[in-house]
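This is what each chain is made of:
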Amino acid sequence: MGAVEDRISELPEPLIHHILTFLPIKSVVSTTLLSKKWNNLWLSLRVLDFTQWRSSTYKNHIEEDSDSYTGSDTDTEQDEYRVIKDSPPVDLSETNRFIDFLDKVLFVDDKLAHIKIFFLQTDSMYFDQDRVKEWIKAIVMRSVEELILSIKCSGPRVIPLELFYCESLTVLHLWFDNKQVIDQSPLSTLSFKRLKILRLSFIHFKDKTFAMQIFSNCPVLEDLHMSTVSWKGLDVICFALPQLKFFDICGFGRERIEDVKVKFDTPNLVSLTWFDHLPEEFIVDSFPCLVEAGIRYSLAEGHTKNRYDSLNKFIEKVSHVKHLMVSHTYFRPKILEDSSVLPISYHTFRNLVSFEVDVIYYGQIGLLFDTILEFSPNLTSLIFNQLLTYHNVGEDLLPLNIVPRCLSLSLKSIEFRRFYGCPKEMEVVKLFLKNARVLQTVTLGSLSHHLEYLNKKKPTAKEIEDANNKILEQLRAFSWASSDCVVKFLNL
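So, how was this worked out
Residues numbered from 1 in each chain as written. Predicted model: local features only at pLDDT ≥ 70, side-chain atom pairs only at ≥ 80, totals over all residues. Heavy atoms only, no water. Helix = DSSP H or I, 4+ residues; strand = E, 2+ residues; numbered from the N terminus. Core = buried A, V, L, I, M, F, W, Y, C linked by side-chain atoms within 4.5 Å. Buried < 20%, exposed > 50% of the residue type's maximum accessible area, 1.4 Å probe, protein only. Contact = heavy atoms within 4.5 Å. Axes fitted to C-alpha atoms, helices over the stretch in contact; angles between N-to-C directions. Parallel < 35°, antiparallel > 145°, perpendicular 65-115°, else oblique. Left-handed = near helix turned anticlockwise from the far one by under 90°. Nonpolar A, V, L, I, M, F, W, Y, C, P; charged D, E, K, R; others polar. pLDDT = per-residue confidence, 0-100. Phe/Tyr/Trp six-rings, centres within 6.5 Å; stacked < 30°, edge-to-face > 60°. Lys NZ or Arg CZ within 6 Å of the ring centre and 35° of its normal. Pairing = 2+ DSSP bridges. Polar contact = N/O pair within 3.5 Å; in protein donor to acceptor, adjacent residues only side chain to side chain. Expected span 1.5 Å × (residues − 1). Salt bridge = Lys/Arg side-chain N within 4 Å of Asp/Glu carboxyl O.

### Focus on unusual backbone geometry
Then, in step 1: In the Ramachandran plot, Phe202 falls in the positive-phi region, its phi being about 60 degrees despite a non-glycine side chain.
Then, in step 2: With respect to the helices and strands, the residue Phe202 is situated in strand E5 (residues 197–205).
Then, in step 3: Look at Thr228: it is not a glycine, yet its phi comes out positive at around 50 degrees.
Then, in step 4: Looking at the element boundaries, Thr228 is found in the loop between strand E6 (223–227) and strand E7 (236–240).

### Some points on the nonpolar core
Then, in step 1: Residues Phe205, Trp231, Phe239, Phe247, Phe264, Phe355 and Phe432 are the most contacted members of the largest nonpolar core, which totals 124 residues.
Then, in step 2: Residues contacting Phe239, with those up to four places away along its chain left out, are Phe215, Leu224, Met226, Trp231, Phe247, Val262, Lys263, Phe264, Asp265 and Thr266.

### Description of the packing of helix H11 (residues 423–435) against helix H13 (residues 461–475)
Then, in step 1: Relative to each other, H11 and H13 sit at 50 degrees, their axes nearing to 11 Å. Put simply, H11 runs oblique to H13. When you trace H11 past H13, the crossing you get is right-handed. Here Met426, Val429, Lys430 and Leu433 of H11 lie close against H13, whose contacting residues are Ile471, Gln474 and Leu475.
Then, in step 2: Across the contact of H11 with H13, the residue classes tally to 5 nonpolar, 1 polar and 1 charged.

### Concerning the confidence of the model for the protein chain
Then, in step 1: For the protein chain, per-residue confidence averages 77 on the pLDDT scale, and 71% of positions sit at 70 or higher.
Then, in step 2: When the criterion is pLDDT under 50, residues 30–38 qualifies, and its contacts beyond four places in sequence or with other chains add up to 21 contacts.
Then, in step 3: Across residues 57–86, confidence stays below pLDDT 50; counting only partners more than four residues off in sequence or on other chains, it has 24 contacts.

### Let's talk about the packing of aromatic side chains
Then, in step 1: The tally for this structure, following the rule as stated, stands at 22 aromatic pairs.
Then, in step 2: Ring geometry for Phe164 versus Phe210: centroids 4.8 Å apart, planes at 90 degrees, classification edge-to-face. Of this pair, Phe164 sits in the loop between strand E3 (146–152) and strand E4 (171–182) while Phe210 sits in helix H6 (residues 208–214), and the two are 46 residues apart along the sequence. The exposure classification of Phe164 matches that of Phe210, with both residues buried.
Then, in step 3: Both rings, one in Phe247 and one in Phe264, keep their centres 5.1 Å apart while their planes meet at 80 degrees; by these two values the pair is edge-to-face. Remark: Phe264 occurs in strand E9 (residues 261–265) and Phe247 occurs in strand E8 (residues 246–250); sequence separation between them is 17 residues. Like Phe264, Phe247 is buried.
Then, in step 4: In this structure, Arg296 is placed above the aromatic ring of Phe275, and the distance from its NZ or CZ to the ring centre is 4.1 Å.

### Here's the deal with the sheet that holds E7
Then, in step 1: Sheet architecture is open: 3 strands sit in the order E7-E9-E11, paired in parallel fashion. Each edge of the open sheet carries a strand with a single partner, namely E7 and strand E11 (281–284). When strand polarity is set aside, the average angle formed by the axes of neighbouring strands in this sheet is 15 degrees.
Then, in step 2: Both E9 and E11 contribute to a ladder of 4 bridges, which runs parallel. Each residue of the ladder has a partner; that of Lys263, found in E11, is Ile283.

### Focus on the environment of Gln180
Then, in step 1: Mapping Gln180 onto the fold places it in strand E4.
Then, in step 2: Given the relative accessible area of 0%, Gln180 is considered buried.
Then, in step 3: In the structure, Gln180 is positioned 21 residues away from Ile159 in sequence and 7.4 Å away in space, judged by C-alpha atoms.
Then, in step 4: If near-sequence neighbours (up to four positions away) are discounted, Gln180 is found in contact with Gly155, Pro156, Arg157, Val158, Ile159, Phe202, Ile203 and His204.
Then, in step 5: A distance of 3.2 Å separates the side chain of Gln180 from the backbone nitrogen of Arg157, its partner in a polar contact.
Then, in step 6: Here Val158 takes part through its backbone nitrogen, which lies 2.7 Å from a polar atom of the side chain of Gln180.

### Some details on helix H5 (residues 129–141)
Residues spaced three or four apart along an α-helix face the same direction, because each turn holds 3.6 residues.
Then, in step 1: An ideal rise of 1.5 Å per residue puts 18 Å on 13 residues; H5 measures up with 19 Å between its terminal C-alpha atoms.
Then, in step 2: Residues of H5 that are buried include every one of Gln129, Val132, Trp135, Ile136, Ala138, Ile139 and Val140, and no others.
Then, in step 3: At the N-terminal boundary of H5, the capping side chain belongs to Asp128, with an oxygen 3.0 Å from the backbone nitrogen of Asp130.
Then, in step 4: Positive backbone phi, approximately 55 degrees, marks Ser143, located one or two places after H5.

### Remarks on the pairing of strand E2 (residues 117–123)
Then, in step 1: The element E2 is extensively covered by neighbouring structure, given that 5 of its 7 residues are classed as buried.
Then, in step 2: Bridge count for strand E1 (residues 47–50) against E2 is 4 bridges, and the pairing is parallel. The partner of Asp49 across the bridge, within E2, is Phe119.

### Describing the side chain of Ser227
Then, in step 1: Summarising the element assignment, Ser227 is placed in strand E6.
Then, in step 2: Look at Ser227 and you get buried, because its relative accessible area is 18%.
Then, in step 3: Those residues within four positions of Ser227 in sequence are excluded, and the remaining contacts are Leu200, Ser201, Phe202 and Cys250.

### As for the pattern of salt bridges
Then, in step 1: Tallied over the entire structure, the rule returns 10 salt bridges.
Then, in step 2: One salt bridge in this structure joins Arg296 and Asp358, with 2.8 Å as the shortest N-O distance. You can see Arg296 sitting in strand E12 (residues 292–296) and its partner Asp358 sitting in the loop between strand E14 (354–357) and strand E15 (360–361), a full 62 residues away along the chain.
Then, in step 3: Owing to a relative accessible area of 23%, Arg296 belongs among the partly exposed residues under this scheme.
Then, in step 4: Judged by relative accessible area, Asp358 falls into the buried class, the value being 15%.
Then, in step 5: For Lys462, the salt bridge is made with Asp466, and the minimal N-O distance between the two is 3.0 Å. Placement of the pair is Lys462 and Asp466 together in helix H13, with a separation of 4 residues, close to one helical turn.
Then, in step 6: Residue Asp466 is classed as partly exposed on the basis of its relative accessible area of 30%.
Then, in step 7: Salt bridges here are not isolated pairs; linked through shared partners, they connect Glu356, Glu415 and Arg417.

Spelled out as structure tokens, the structure:
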């Protein structure tokens, strides 16, 4: 059998480079290895993407789940890896080959002098934390600019301290499937001089000095996102980030943020999203550039009047935004019924044009009118993600004594994203149709899921259309304040 002709070596290097940039990393490596001339050319690409790699354990798991899935809504979420007493030995050959390959790339080959972008996703708990930590160190030593890690492995201490002294980084994403502990004190002042985007998930900052430095020494950071970050053991955290534009925190894991004072020194912040428990105190002078804010918090037991006073002051600091989103806890009656917690006066949202409520109960609609709509004279858009009607929260909906100014002069669009057509939902829709004089559009969510739940089968297009027409018939049975208003239905 004759030797395989090496035609790859005949191609010019610029063309090879251009071709390889469009191929997955596995194909790039296998392609260049076939060439005597270009067998190490892939090391000069500077963009290494290992997100498409999958171990055999992951592939088998996906296949098993696909075969066993019944589509039932009652299925409970299972762990990705199930270890049972009599299960056969796990085939780690593919995982080990990948580990050996990455070891060679990062520790043996000296041709990989600089990495522009490095993506790594490990999907198996059989990756050792010490090995992964050494990989990260090696990547940092090559002046990486963008580092995106999605790590599943054994052990809670994968992150090396050296990562936080990498001055070449512009983008850093750290996602882990188990909480990673950072309990070392910094050897010197931390500094991400070029970092613009930072995303952290499942991180536990145990060292106060470390946490304070990382959020105060990023002079050009513009985008900060944190998910399920633990603050246990800290009493104050300061975000002193002069160029920050986007701040997003998402928790609800009871990670002790309620024991922490949170200070903001972010004069250029444009967007703020707070989806977590209330901290002990918000400390902020102002958000002069803020355009949009989302505030959704959970209520821990033992919240005091001081905590709600702090929240009230914080709402005042964001009351100038154009777009605001809150959840039902903002209107929770058990808070507002306590006269010692009630604010002396409600904030006026003069610039507010779009208001979105994540979840709200039927009995809280009156509070929505009294605390938001009444004080938002220029509101044009109102969105309900979900209106819950199956809990008796607060008083029943009553006719309006005073119609808010925005309903008379500015409110043009209302959307109910999850809509089932139940009587109390219809009553809320009718309330707006009867009072909103310049309303142009009412958009109702698709009834498809509700019909499927009722009939135990996926509805046809004709069944959905018939259900929509029944809703319209009920709404047209009374006069609307706006003759130009149109009711639309969302399509899935």
